Amino acid sequence: MKNRLEEIRKSRGIKQEELARDLAVSRQTIGSLENGRYNPSIMLAFKIARYFNMLIEDVFIYEEGQNGEVQKHEEM
Amino acid sequence: MKKCKNYLFTVGGILLVALGLGLVKGISEPGELLSVLPYVLIGIGCGSFGYGMGELVSQRILKNDPELALQKEIEAGDERNIMLSGLAKARAYDLMTYVFGALMIAFALMKVEMSAVLLLVAAYLFVEGYSIYYRIKLEKEM
């Protein structure tokens, strides 16, 4: 799942450390989210979206078949 | 309450070590059980003292540094850290299954005493059973 976290965070002039502290997560989690290495829980996704006063869909972009999940499902 | 528990572990540990050392020095002709008991007491005492003292030092450091305490709290509750910890444990569990199996075969080939092999098999089955129990429990909860 892609996201616009880094872009949104930078546009608002917020440091990774500040965002991590405000969301009560580690700085490494923010880094991993921005790099796309980690997909957040639905709770954290909501927290992030609320923090920026945005909708989840505006921050996180779901692309079908990105992880092969849809294809696998269809094969079954 | 937690501080009280840590003091208890520390003092209890010192007492157990002292008791163990006293038994080593004091008993001239120990029986089979008494010859082992002092060392068991020293071992448990050292562990208890180490745990209690470590917690007390950690508490003192965190008390003087609220920033560090907050950071530690965040790190402990961080969902990615929790997930990574869970995944690492799961990998270790998978590996342990094979290690236990290999160890059981090795023990059997080494003609180790039957009671030791059976004890290992029982431990292996207990862990596997525990895994199945939690799987069923979590299936019902989620």
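Up top you'll find the structure we're talking about.
## A closer look at the interface of chain B and chain A
So, point 1. Taken together, the contact pairs eight residues of chain B with eleven residues of chain A.
So, point 2. Between chain B and chain A, the buried area comes to about 880 Å², and carbon and sulfur atoms account for 47% of it.
So, point 3. The largest share of the area that chain B buries against chain A comes from Ile74, Glu79 and Arg80 of chain B, three residues that together contribute 61% of it.
So, point 4. The tally of links from chain B across to chain A stands at one salt bridge.
So, point 5. Residue glutamate 67 of chain B pairs with arginine 21 of chain A through a salt bridge whose shortest N-O separation is 2.6 Å.
So, point 6. Where chain B meets chain A, there are six residue pairs in polar contact (both at pLDDT 80 or more).
So, point 7. Elements represented by at least two residues in the side of chain B that touches chain A include exactly helix H3 (66-77) and helix H4 (79-109) of chain B.
So, point 8. For the side of chain B that touches chain A, the element with the most residues is H3 of chain B, which contributes four residues.

## Section: the side chain of threonine 29 of chain A
So, point 1. Along the chain, threonine 29 of chain A falls in helix H3 (residues 27-35).
So, point 2. Of the residues examined, threonine 29 of chain A reaches a relative accessible area of 0% and is grouped as buried.

## Let's talk about H3 of chain A
So, point 1. Of all the residues in H3 of chain A, the buried ones are Thr29, Ile30, Gly31, Ser32, Leu33 and Glu34 of chain A.
So, point 2. If you follow the buried residues of H3 of chain A, they end up packed against strand E1 (2-3), helix H1 (5-11), helix H2 (16-23) and helix H4 (42-51) of chain A together with H4 of chain B.
So, point 3. Trailing H3 of chain A by a residue or two, glycine 36 of chain A shows a phi angle of about 80°, which is positive.

## Side note on the packing of aromatic side chains
To describe a pair of aromatic rings, you give the distance between the ring centres and the angle between the ring planes.
Residue and element names in this part refer to chain B.
So, point 1. All chains considered together, the criterion is met by six aromatic pairs over all chains.
So, point 2. For the ring pair phenylalanine 126 and tyrosine 130, a centre distance of 6.2 Å and an interplane angle of 25° mean the geometry is stacked. Pair noted here: phenylalanine 126 and tyrosine 130 are both in helix H5 (residues 114-141), with a separation of four residues, about one helical turn.
So, point 3. Its relative accessible area of 46% is what places tyrosine 130 among the partly exposed residues.
So, point 4. Chaining the aromatic ring pairs together yields one cluster made of Phe126, Tyr130, Tyr133 and Tyr134.

Rules and cut-offs
Residues numbered from 1 in each chain as written. Chains lettered and ligands numbered in written order. Predicted model: local features only at pLDDT ≥ 70, side-chain atom pairs only at ≥ 80, totals over all residues. Heavy atoms only, no water. Contact = heavy atoms within 4.5 Å. Buried area = accessible area lost by both parts, 1.4 Å probe. Salt bridge = Lys/Arg side-chain N within 4 Å of Asp/Glu carboxyl O. Polar contact = N/O pair within 3.5 Å; in protein donor to acceptor, adjacent residues only side chain to side chain. Helix = DSSP H or I, 4+ residues; strand = E, 2+ residues; numbered from the N terminus. Buried < 20%, exposed > 50% of the residue type's maximum accessible area, 1.4 Å probe, protein only. Phe/Tyr/Trp six-rings, centres within 6.5 Å; stacked < 30°, edge-to-face > 60°.

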